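The lines below spell out each chain.
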Amino acid sequence: MTDPRTPAGTDPAIDLRALDAQALDRRAIVIALDAARLVRPDQWESPTPCEGWNLRDLLGHMVAENRGFIAAAAGATDRRVWHDASLGADPWVDFADSAVGVTAALSGPEVLERRLLIREFGTFPGSVAIAMHFLDNLVHAWDVARTIGLPGTIDPELALCALAFAERWELGRPGIAFGGAVEPPVDPTPGERLLALLGRTPHRRSA
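Here's what I pulled together on the structure shown here. (Residues numbered from 1 in each chain as written. Predicted model: local features only at pLDDT ≥ 70, side-chain atom pairs only at ≥ 80, totals over all residues. Heavy atoms only, no water.)

## Looking at helix 3 (residues 91-105)
In an α-helix, one full turn covers 3.6 residues, which means residues spaced three or four apart are oriented alike. For helix 3, spanning 15 residues, the distance from its first C-alpha to its last is 21 Å, which sits close to the expected 21 Å at 1.5 Å a residue. Within helix 3, the full set of buried residues consists of Pro91, Asp94, Phe95, Ala96, Ser98, Ala99, Val102 and Ala105. Where the residues of helix 3 are buried, they touch helix 1 (21-37), helix 2 (55-73), helix 4 (109-113) and helix 5 (126-147). (Helix = DSSP H or I, 4+ residues; strand = E, 2+ residues; numbered from the N terminus. Expected span 1.5 Å × (residues − 1). Buried < 20%, exposed > 50% of the residue type's maximum accessible area, 1.4 Å probe, protein only. Contact = heavy atoms within 4.5 Å.)

Shown next, in the form of structure tokens:
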């Protein structure tokens, strides 16, 4: 997973070694915050592109991931730190708090040099762990946006970077992380390629 070779199908202009995972992650966090901020109180029970999850479930997952990355960056090795998906009366407040915390935890040069235990996936260099967080936030921000009826277009630059990571880790295979890959639309944008690889139908509105 740390092999720097460019995977088949990835834009050859994308060099995984040259990507600034921290900057990409901060941009994805802001995008997720912007989408979640627009959720109305009556939308928390709406179904999402994540099968079996409503919007409250999805935000709980994102909060749990943020809390887990915060703990991992501090050296936690107990996998139970990834299981706290608890939300209060206003899920937005918990998500915003966790987003601020994870931004701080994954910033600075020192975290890049650490090895972080990430869920059941194993232990990775900080730069790889942060790339995983970037990818998760970027795609789930789209899930939130589509659930509440927004276009959810993914920035092409971010999508290409996320594709470089997703294709490197073969995340399009069922059971790895997101859903199994689906057929993308004709002449797909980078965002549509990314979404299809991770089991989403880009043109389908979820709510």
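## Re the environment of Cys161
Tracing the backbone shows Cys161 in helix 6 (residues 156-168). On the basis of relative accessibility, which here comes to 6%, the residue Cys161 falls in the buried class. Along the primary structure Cys161 and Asp20 are separated by 141 residues, whereas in three dimensions their C-alpha atoms are 9.7 Å apart. In this structure Cys161 touches Leu19, Leu24 and Phe134, once residues within four positions along its chain are discounted.

## A few points about helix 7 (residues 190-197)
Inspection of helix 7 places Gly191, Leu194, Leu195, Ala196 and Leu197 among the buried residues, and these make up the whole buried set. Next to the buried residues of helix 7 lie helix 5 and helix 6. Once helix 7 finishes, Gly199 follows within two positions and takes phi at roughly 85°, a positive value.

## Points about the environment of Asp94
Along the chain, Asp94 turns up in helix 3. A relative accessible area of 19% places Asp94 in the buried class. On a C-alpha basis, the gap between Asp94 and Gly60 in space is 8.7 Å, while along the polypeptide they are 34 residues apart. The contacts of Asp94, once residues within four sequence positions are left out, are Val63, Arg67, Leu87 and Gly88.

## Comments concerning the pattern of salt bridges
Going through the model one piece at a time under the given rule, you end up with 11 salt bridges. A salt bridge links Glu65 to Arg119, with the shortest nitrogen-to-oxygen separation between them at 2.8 Å. Of this pair, Glu65 sits in helix 2 while Arg119 sits in the loop between strand 1 (115-118) and strand 2 (122-125), and the two are 54 residues apart along the sequence. When its relative accessible area of 6% is taken as the criterion, Glu65 is described as buried. One connected set of salt bridges, linked through shared partners, spans Arg27, Asp155 and Glu157. (Salt bridge = Lys/Arg side-chain N within 4 Å of Asp/Glu carboxyl O.)

## A few points about unusual backbone geometry
Despite not being glycine, Arg119 has its phi angle at roughly 45°, a positive value. Classification of Arg119 by relative accessible area gives partly exposed; the value is 23%. The phi angle at Asp187 is positive, at roughly 50°, despite the residue not being glycine. Among the structural elements, Asp187 can be located in the loop between helix 6 and helix 7.

So, to be careful, I would describe these as geometric facts and stop short of saying anything about function.
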